[in-house]
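The primary structure of each chain is shown beneath.
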Amino acid sequence: MARIAVIGAGTGAMAAAARLAVAGNKVTVYERSASYGGSVGRHEHEGFVFDTGPGLLHLPAVQRDLFVKTGKESLEQCVTLTQVDPAGRHLFADGTAVSLPNASRAGVASALDAALGAGAGERWTGFLERARDAWDRSRRPLLEEPLRADHQVLGRDPYPALKQRRLLRARQAVTVAEIGAWELADARLAALLDGYALSYGLDPRTAPASAALLPYMEQTFGSWYVLGGMRELARAVYERCVARRVEFVFGAEVVRVVEKDGRAAGVELTGGEVAEADRVVLGARPHAGLVPGGQVWGPDDVPVRAGSVPGRFVVLLSLRGARAADAVHRTVVHSADGAAEQEAVFGGRVAGHPTVTVLRPDDPATRPDEAHEAVTLTATVAPQGPVDWTDPAVRQRFADALVERAGAAVPGLRERILHTEIRTPAETEAETGAEGGAVPPPALAGAQGAHLHPGNLTRLPGLYLAGGWSHPGGGLAHAGMSGTLVAGLVVEGDGFRGSR
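Residues numbered from 1 in each chain as written. Predicted model: local features only at pLDDT ≥ 70, side-chain atom pairs only at ≥ 80, totals over all residues. Heavy atoms only, no water.

Per an unreviewed UniProt entry, the chain goes by NAD(P)/FAD-dependent oxidoreductase and derives from Streptomyces microflavus.

Student: Before we go on, may I ask you to explain the overall build of the chain in this structure?
Tutor: Regarding its fold elements, the chain presents 14 helices and 21 strands. In terms of overall dimensions, the chain has C-alpha extents of about 65 × 60 × 45 Å along its principal axes. Considering only contacts in the chain between residues 6 or more positions apart, those separated by 24 or more positions represent 69%. Split by element, the accessible area of the chain, about 19,800 Å² in all, is 50% carbon and sulfur. Positive and negative side-chain charges of the chain, numbering 52 and 57 respectively, have mean locations separated by a distance of 5 Å. (Helix = DSSP H or I, 4+ residues; strand = E, 2+ residues; numbered from the N terminus. Contact = heavy atoms within 4.5 Å. Areas by Shrake-Rupley, 256 points an atom, 1.4 Å probe, with all protein chains shown as cover. Lys, Arg positive; Asp, Glu negative; His and termini not counted. Charge placed at Lys NZ, Arg CZ, Asp CG, Glu CD.)

Student: Where do I start with the sheet that holds strand 15 (residues 279-282) in this structure?
Tutor: For sheets, the rule is that strands pair by backbone hydrogen bonds, running either parallel or antiparallel. Taken in spatial order, the five strands of this open sheet run 11-2-1-15-21, and their pairing is parallel. Edge positions in the sheet fall to strand 11 (247-250) and strand 21 (463-465), since each of these pairs with one other strand and no more. Mean inter-strand twist for the sheet, computed between neighbouring axes without regard to direction, equals 20 degrees. Alignment of strand 1 (residues 3-7) against strand 2 (residues 26-31), held across five bridges, turns out to be parallel. In the sheet register, Ile4 faces strand 2, and the bridge partner there is Val27. In the packing of helix 1 (residues 11-22) onto the sheet, the strands contacted are strand 1, strand 2, strand 11 and strand 15, and the crossing angle to strand 2 comes to about 165 degrees. (Pairing = 2+ DSSP bridges. Axes fitted to C-alpha atoms, helices over the stretch in contact; angles between N-to-C directions.)

Student: Help me understand the layout of surface pockets in this model?
Tutor: Sizing a probe to match a water molecule and rolling it over the atoms shows the empty space that remains. By volume, the second largest pocket amounts to about 370 Å³. As for the second largest pocket, its lining consists of 21 residues, and the residues nearest its centre are Ala61, Val62, Asp65, Glu144 and Met481. (1 Å grid on protein atoms, 1.4 Å probe; cavity = no way out; pocket = protein on both sides within 12 Å on 5 of 7 lines; lining within 4 Å. Points joined across faces, edges and corners; volume = space filled by probe spheres on them.)

Student: What is the right way to look at the packing of helix 1 against helix 9 (residues 231-243) in this model?
Tutor: What describes two packed helices is the angle between their axes and the distance between those same axes. Where helix 1 contacts helix 9, the axes come no closer than 9 Å and their chain directions differ by 25 degrees. Relative to helix 9, the element helix 1 is oriented roughly parallel. In this structure, helix 1 meets helix 9 at a crossing whose hand is left-handed. Note on element contacts: helix 9 touches helix 1 through Ala234, Val237, Tyr238 and Cys241, opposite Thr11, Met14, Ala15, Ala17 and Ala18. For the contact of helix 1 with helix 9, the residue count by class is eight nonpolar, one polar and no charged. (Parallel < 35°, antiparallel > 145°, perpendicular 65-115°, else oblique. Left-handed = near helix turned anticlockwise from the far one by under 90°. Nonpolar A, V, L, I, M, F, W, Y, C, P; charged D, E, K, R; others polar.)

Student: Teacher, can you tell me more about the nonpolar core here?
Tutor: Within the largest apolar cluster, 92 residues are counted, with the highest numbers of intra-cluster contacts made by Leu112, Trp124 and Phe127. With nine residues, the top contributor of residues to this core is helix 5 (residues 120-144). Among residues more than four places away in sequence, those in contact with Leu112 are Val98, Leu100, Gly117, Ala120, Gly121, Trp124 and Leu189. Leu91, Val315, Leu377 and Ala406 belong to the second-largest nonpolar core, a separate cluster that totals 26 residues. (Core = buried A, V, L, I, M, F, W, Y, C linked by side-chain atoms within 4.5 Å. Buried < 20%, exposed > 50% of the residue type's maximum accessible area, 1.4 Å probe, protein only.)

Student: Even after reading the chapter, I still don't get the pattern of salt bridges, so can you show me in this structure?
Tutor: Proximity of charged atoms lets side chains of opposite charge pair with each other. Taken as a whole and judged by the stated rule, the model has 33 salt bridges. With a closest N to O distance of 3.2 Å, Glu370 and Arg367 form a salt bridge. A salt bridge links Glu404 to Arg414; the shortest N-O distance between them is 3.5 Å. Taken together, the residues Glu404 in helix 11 (residues 392-406) and Arg414 in helix 12 (residues 413-416) connect sequence positions 10 residues apart. Residue Glu404 is classed as exposed on the basis of its relative accessible area of 56%. (Salt bridge = Lys/Arg side-chain N within 4 Å of Asp/Glu carboxyl O.)

Student: Hey, could you run me through empty space enclosed by the protein in this one?
Tutor: A complete count under the given rule lists three cavities of 30 Å³ or more for this structure. Space inside the largest cavity adds up to approximately 80 Å³. Taken together, Trp135, Ser138, Arg139, Leu142, Leu143, Leu213, Leu214, Met217, Ala443, Leu444, Pro472 and His478 make up the lining of the largest cavity. Looking at the lining of the largest cavity, the elements with two or more residues in it are helix 5 and helix 8 (213-221).

Student: Where do I start with helix 10 (residues 338-345) in this structure?
Tutor: Listed in full, the buried residues belonging to helix 10 are Glu341, Gln342, Ala344 and Val345. Taken end-on, helix 10 shows its buried residues confined to a sector of 160 degrees, consistent with a single buried face. (Arc of directions from axis to C-beta.)

Student: Is there a simple way to think about the packing of helix 6 (residues 176-184) against helix 7 (residues 187-199) in this case?
Tutor: Two elements in contact, helix 6 and helix 7, have axes separated by 9 Å at closest approach and are oriented at 160 degrees. Taken together, helix 6 and helix 7 sit at an angle that is classed as roughly antiparallel. For the pair helix 6 and helix 7, the sense of crossing is right-handed. Contact with helix 6, carried on its side by Val176, Ala177, Ile179, Gly180 and Leu184, involves Leu189, Ala190, Leu193, Asp194 and Ala197 of helix 7 and no other residues of that element. Split into classes, the residues belonging to the contact of helix 6 with helix 7 amount to eight nonpolar, one polar and one charged.

Student: Before we go on, may I ask you to explain the pairing of strand 13 (residues 263-269) in this structure?
Tutor: Strand residues, when the strand is regular, have side chains that alternate between the two faces of the sheet. Burial within strand 13 is extensive, with six of its seven residues counted as buried. Of the strand pairs in this sheet, strand 12 (residues 254-260) and strand 13 are connected by six bridges, and their pairing is antiparallel. In the sheet register, Lys260 faces strand 13, and the bridge partner there is Arg263. Here three bridges tie strand 13 to strand 14 (residues 274-276), and the two strands are oriented antiparallel to one another. Paired with Glu268 across the two strands is Val274, which belongs to strand 14. The turn linking strand 13 back onto strand 14 is made up of four residues, and Gly271 within it adopts a positive phi angle of 100 degrees.

Student: Explain the sheet that holds strand 13 to me, please; I cannot follow it from the model alone.
Tutor: Strand order in the open sheet formed by three strands is 12-13-14, and the pairing between neighbours is antiparallel. Sheet topology places strand 12 and strand 14 at the edges, where each strand pairs with a single neighbour. Across the sheet, the axes of successive neighbouring strands diverge by a mean angle of 30 degrees, strand direction being ignored.

Student: Explain unusual backbone geometry to me, please; I cannot follow it from the model alone.
Tutor: Most peptide bonds are trans, and most residues other than glycine sit at a negative phi. Omega for the bond connecting Asp85 with Pro86 falls within 30 degrees of zero, at 5 degrees, which places this linkage in the cis form. You can see Pro86 is positioned in the loop between strand 5 (81-83) and strand 6 (88-91). With an omega of 5 degrees, the peptide bond between His471 and Pro472 qualifies as cis. As for its placement among the helices and strands, Pro472 is situated in the loop between strand 21 and helix 14 (476-492). Positioned with a positive phi, Arg245 is a non-glycine residue whose angle comes to about 70 degrees. With respect to the secondary-structure elements, Arg245 resides in the loop between helix 9 and strand 11. A relative accessible area of 76% means that Arg245 is categorised as exposed. Not every positive phi belongs to a glycine, and Asp261 is a case in point at roughly 55 degrees.

Here it is in structure tokens:
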């Protein structure tokens, strides 16, 4: 029985902990905060309940596999999953609106034709077919296997872009923005694609064409909600860990990974206490100060990405009045000036015309009674640091801007507000320890590997990386897969290449 120390209680780290415990290891999780879940948080106020992290689940197969492999009760026996239909309503700057059905390629095409004009559905369907090719080419090495030693092959973009005649020569789209302009050929379809990238914290102007995988995954495998809020999923994973006798130590901040005889040998906590271990799983953003000599990655490895990674600005609204019968769970109000928004978010400024995602779950657990409604507004923003999100005036102005724009999705919104709670990257940083309150994006192939994350296997023997800041990146499904990969590497050895 090996002793394994896990740093952090995010969903990816807990997924690794549960699997490692089932394999017969003694697992202890050290979490700096007072609770589990990492970014999958919850806020409660006078009977209103809100998710403060992810609002929907994609690729639920990752979570289903975790529960199958770690106990008798399935995922559906531990939480109630519901498909969100329509998957989302989109409001564009020109006033056009379209509701896209959940996991129905033909239905999406019909809806786009009806709302945007004949041919829109065909262009989007053609794009998704090419995205499927990219998925088939990169799914295993990008999502289901540990990062390969020859990860440079993932520097090539798997998206089969159409050849375009541009400036008297044939060119192919290499970024999300170019796909929108050259292949989709409609400002609203381009905004739809840009919105997917932006919601994951990716800049459409620089995100590789392979980011087409993101709308493909959502529109193929569906969007799911957990009744009671997404925090219920984190609770279920935590309870599965406890059932497998994983020990949790909350309020325990790890300041250093202990090295002995050239390998990880435990963790040092604030105050100097050392907990010995045979292996260590780091479920937080790796940084040189945490690891002796900074030996998380080597000269040939994928480095921790430099530069600012965006965060999320969230407004939680307690509303008087019942949820309308025809209300949609998720509405995206697209920016009237997408280029200016991208310049601001990725240039370290406050956007003047943000894209706003409005979540209105039809869930009695989120409201005190049927005469009230809980609504969440979310926008991707520059992280804490480039913008001072602790400034009360900055916070309030941006929150007001989100409420104003969300009024297009929720008529009479401002007049219905009973209470407002504002959460910014500053709160994310304080609660999760993520620098700047940044939210990790998923890993992507292409762009010479600039959008990959450090591998789960590190240069320091006995130290492994799990969670959104390691391969295969951020998001509930990707972080969950990181836990799967780490458990495989620990149990089966460095030669583990994923489940088949």
